[in-house]
Amino acid sequence: MRPFTLNYAFPRSLPAVVTPYRFDESLQVNVLPDGRPAVSDPDLLLAAGTTASTAGSKTHFDD
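Residues numbered from 1 in each chain as written. Predicted model: local features only at pLDDT ≥ 70, side-chain atom pairs only at ≥ 80, totals over all residues. Heavy atoms only, no water.

A look at the pattern of salt bridges
Okay, so step 1: Going through the model one piece at a time under the given rule, you end up with one salt bridge.
Okay, so step 2: A salt bridge links Asp 34 to Arg 36; its shortest N-O distance comes to 2.9 Å.
Okay, so step 3: For Arg 36, a relative accessible area of 37% translates into the label partly exposed. (Salt bridge = Lys/Arg side-chain N within 4 Å of Asp/Glu carboxyl O. Buried < 20%, exposed > 50% of the residue type's maximum accessible area, 1.4 Å probe, protein only.)

Side note on unusual backbone geometry
Okay, so step 1: Even without glycine at this site, Gln 28 takes up a positive phi of about 60°.
Okay, so step 2: Mapped onto the fold, Gln 28 is located in the loop between β1 (22-24) and β2 (29-31).
Okay, so step 3: The class for Gln 28 is partly exposed, based on a relative accessible area of 40%. (Helix = DSSP H or I, 4+ residues; strand = E, 2+ residues; numbered from the N terminus.)

Okay, here's the thing in structure tokens:
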């Protein structure tokens, strides 16, 4: 038998996460769909806190 409180203690499913930017290898920065650097969007920075990617660890040996 499942305790009643566990119905509310754990989410039923995780929300889908959509990253509104992608890494542009030629520019070495994350860009928005319209081509602007992701760090130029204040609303995105407020929501995400960062636009960091794993690119540094793939391109630099000292990260």
